[in-house]
Amino acid sequence: MRSDSRLSRMLHVLLHMARHDAPFTSEQLARMLRTNAVVVRRTMAGLRDAGYVRSDKGHGGGWSIACDLRAVTLLDIYRAVGGPHLFAIGVESDNPQCAVERAVNAALDDALREAEALLIARLGAISLAELAQRFDTLCRPTAAPG
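Residues numbered from 1 in each chain as written. Predicted model: local features only at pLDDT ≥ 70, side-chain atom pairs only at ≥ 80, totals over all residues. Heavy atoms only, no water.

1. Regarding the overall build of the chain
Operational definition: Numbering of helices and strands runs from the N terminus, with a helix taken as a DSSP run of H or I at least four residues long and a strand as a DSSP run of E at least two residues long. Atoms considered for the radius of gyration are the C-alpha atoms alone. The globule rule reads 2.2 Å times the number of residues to the power 0.38. Residue exposure (1.4 Å probe, protein chains only): buried if accessible area is under 20% of the type maximum, exposed if over 50%, otherwise partly exposed.
In terms of helices and strands, the chain carries six helices and two strands. Each helix and strand of the chain, ordered N terminal to C terminal, gives the series α-α-α-β-β-α-α-α. In terms of overall size, the chain is more extended than a compact globule, its C-alpha atoms giving a radius of gyration of 20 Å where 146 residues would be expected to give roughly 15 Å. Dimensions along the principal axes, computed over C-alpha positions, put the chain at roughly 65 × 50 × 25 Å. Buried residues in the chain amount to 31% of all 146 residues.

2. Section: the pattern of salt bridges
Note the threshold: A pairing counts as a salt bridge when a side-chain nitrogen of Lys or Arg comes within 4 Å of a carboxyl oxygen of Asp or Glu.
Summed over the entire model, instances satisfying the criterion amount to six salt bridges. Among the ionic pairs, arginine 70 bridges to aspartate 68, the shortest N-O distance being 3.0 Å. Judged by its relative accessible area of 65%, arginine 70 is exposed.

3. Some words on the environment of cysteine 67
Stated formally: By definition in these notes, contact holds between two residues if any of their heavy atoms fall within 4.5 Å.
Residue placement: cysteine 67 occurs in the loop between β2 (62-65) and α4 (74-80). Along the sequence, cysteine 67 and histidine 20 sit 47 residues apart, while their C-alpha atoms lie 14 Å from each other. When residues no more than four places from it in sequence are discounted, the contact partners of cysteine 67 are Gly51, Tyr52 and Val72.

Listed below in structure tokens is the structure:
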């Protein structure tokens, strides 16, 4: 099963936008993400509708950041890109009268609910500004030993 990478791809795009002075065209973003510009526009539309990016038409137009990075969390972006399923694990419900199936489903449901709550809380605790700071730190040249 292929994983859903919309969240990581859009975070990637947003960090580039945050550190770039000019707007990016859908074609530029598509090349960056190795995808089609139509896919980029469709995904970016969710971010635009949420107010995190804007798109300007015409010469010199394109996509740019429209929000305060400190006020937006990874959870906000997750929701804006459609809130893809966090886990591929699910329960079987072919035979709800089966006691074994009910016991297994109850155990898995509880574990998945707890794991999802933990991940949602963590995504909500990280702002785009924090992510941008981590990016800046990674790009900062290290001092030569001396």
